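# Breakdown of the fold
So you can see what is in the structure, the chains are spelled out below.
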Amino acid sequence: MSKIEHEQQTAQADAAASNGSAERPPLPELLAVRRAKARQLLPPGETQFPYSYPDTKPIQEVHEHFAHLAAGEETEDLRRVAGRLAARRGQGKAAFMDLVDRSGRIQLHARLDVLGEEAFSRLLQIDLGDLLGVQGVVMRSNRGELSLRIDDYRVLAKSLRPPPDKHHGLADVETRYRQRELDLMSSEETRQVFIDRARIVSAVRSHLDQRGFIEVETPVLQPLYGGALARPFTTHHNALDRTLYLRIATELYLKRCIVGGLERVYELGKDFRNEGISTKHNPEFTMVEWYEAYADYLHEATRTEELVADVARAVSYSGELDCSSPWRRIGFVEAVQEASGIDIMAHHDAPSLAAAIAASEAVAASGLSIDTEGASWPQLADDLLSKFVEPQLRQPTFIIDYPLELSPFARAHRSKPGLAERWEAFAGGMEIANAFSELNDPDIQRERFEAQRRLADAGDEETQPYDQLFLEALEHGMPPTGGVGLGIDRLVMLLTGRSTIREVVLFPAMRT
RNA sequence: GGGCCGUUAGCUCAAUUGGCAGAGCAGGGGCCUCUUAAGCCCAAGGUUGUUGGUUCGAUUCCAACACGGCCCA
């Protein structure tokens, strides 16, 4: 066997295993019955998989247009709708059914005297879960339910497998994530989350578009990763015979666009980080980063406040977060001191800070532990913030002016020694955005890369690789620039009230 | 990585101090022309996550593993 054939077979075996296709339990009777019924019930000359069903209206539109109809009132208006059969209530010579499309649910009323013997009995035997197109007159039942009295219908696609429980839907969270199609078809709430997600993404784009930003697309496959402190996924380009990395951020390429004179750019897309999975982390996630020439980090704080408020309006957000400007702003050093009693700038090296942590009554009283063993000063400072401050930040808050050592791409603070012009935004107890006055002095940037290299040599696995092409770009002159990275998944979590990222990612990463 | 919890019919859930595993819905056969978790009658549906162990007997007790959830790292 050639090497390529072997690789292909291995890949196929992996794919089969990861789909679980080899071990799916069959549903022999249920499938066979549905298959047989489908064939039996097909009128002569019809296919159970027609190519189209034109001239339908969204169900919600029918509801809106006939909202005024009184109970028992009938019209002569014909409407066509299409969707999935969700419920059926037989009556012998009449029946009610519920049809669901992306916009809502509507009741269908089938009557023997309208449809005739054959069409009526065929309709009654259509399986729950089948896709159905119907045409009928609009009426409201005596009990007040808007309905279509069917005078014509067509099976649009056969469902061979039974749908989830018509009332309870899918309760097993594992199945909801692994077979999201079943979750979507049975839960209007789930559908709404992903509709809201789309509106959020769309609102972010339009907010930036309206302010003179252009959307750009930079490489996902990168010869060198950078722009964040994270471990990358590694892959291989066969023709070039070289290692490539899936991007962990878009930062460095976007700044090269700024050097090139595009002045206001953004990119909204997937980043990949080869790290743990948690309620706040998926290995691939969506981020928007924007960069703006001639602006600094405080200008970007205001822009971020406005953008988030605008996006919240776009989904009619009515939760507990107050997104209106200005958000609370507190210094990194002050926030840590307030929460832990430790002045990190007064203990500006690892042994001294470790000693201060060990001596802190607030730390001891909190029951939280900080692992000081072998930790660098920046790691300790970051740990203090993420353990003592971050979980308390429910309302939108900017933590501003980070220690310089934590921020290899941010400019030194114009007036506060040892700090960088950087903020992170928090809400709902988690980080949602990160911004700098971007470092544009190539010589200082070179020193920062060299410092990162020293950390890597000392065993730190999350460091910035030395990026010569980026340095050369800076040497051509980058204007003063403000840049922001905003996590879309987390923003969606906040605005849809979900507590785990898996609820806002259609197909989250799962084992096997 | 650690701790705790979970995994039973297609779906939603019961039950077992260790002794033939039960409902509702869905599916099958009937009845029913304003129902909406429709209703009524009948029949069917199970390797109780996997592999071992203890036991006369394990779905139940024990161990390991797999997958998932929550909390911690």
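Please read all numbers here as calculations on a predicted model, not as lab measurements. (Residues numbered from 1 in each chain as written. Chains lettered and ligands numbered in written order. Predicted model: local features only at pLDDT ≥ 70, side-chain atom pairs only at ≥ 80, totals over all residues. Heavy atoms only, no water.)

## Describing the domain arrangement of chain A
Going by this rule: The domain boundaries here were taken from an automatic or database domain assignment.
For chain A, the domain assignment lists domain 1 (29-157), domain 2 (196-324 + 405-412 + 422-503) and domain 3 (328-394). For domain 1 and domain 3, the distance between their C-alpha centres works out to 63 Å.

## Points about the packing of helix α12 (residues 350-359) against helix α14 (residues 377-389)
Basically, it comes down to this: Every angle, taken between N-to-C directions, lies between 0 and 180 degrees, and every axis is a line fitted to C-alpha atoms, over only the stretch in contact when it is a helix. In this description a helix means any DSSP run of H or I spanning at least four residues, a strand means any run of E spanning at least two, and both kinds are numbered starting from the N terminus. Comment on the angle field: the value is read as roughly parallel under 35 degrees, roughly antiparallel over 145, roughly perpendicular from 65 to 115, and oblique elsewhere. With the far helix as reference, a near helix turned anticlockwise by less than a right angle produces a left-handed crossing, and one turned clockwise produces a right-handed crossing. Pairs of residues are marked as contacts when any of their non-hydrogen atoms sit within 4.5 Å. Polar here means any residue other than Ala, Val, Leu, Ile, Met, Phe, Trp, Tyr, Cys and Pro, which are nonpolar, and Asp, Glu, Lys and Arg, which are charged; Gly is therefore polar.
Here α12 crosses α14 at 30 degrees, and the two axes come no closer than 8 Å. Relative to α14, α12 is oriented roughly parallel. In this structure, the crossing between α12 and α14 has a hand that is left-handed. Contacts between α12 and α14 involve A350, L353, A354 and I357 from the first element and W377, L380, A381 and L384 from the second. Residues that form the contact of α12 with α14 fall into these classes: eight nonpolar, no polar and no charged.

## Quick word on the sheet that holds strand β3 (residues 104-111)
To be explicit about the condition: At least two bridges found by DSSP between two strands is the condition for calling them paired.
Taken together, the five strands give a closed barrel; going around it, the order is β1-β2-β3-β5-β4, and neighbouring strands pair in mixed fashion. For this sheet the average axis-to-axis angle between neighbouring strands, irrespective of direction, equals 50 degrees. Sheet analysis places strand β1 (residues 74-90) next to strand β2 (residues 94-101), joined by six bridges and oriented antiparallel. When the sheet's bridge partners are listed, L85 is paired in β2 with L99.

## Details of the packing of helix α8 (residues 188-210) against helix α17 (residues 488-496)
It is the contact of α8 with α17, at a shortest axis distance of 10 Å, that shows an interaxial angle of 120 degrees. Taken together, the axes of α8 and α17 lie oblique to each other. For α8 against α17, the interelement crossing comes out right-handed. In this structure, α8 uses V193, D196, R197, I200, V201 and V204 to contact α17, whose residues at the interface are I488, D489, L491, V492, L495 and T496.

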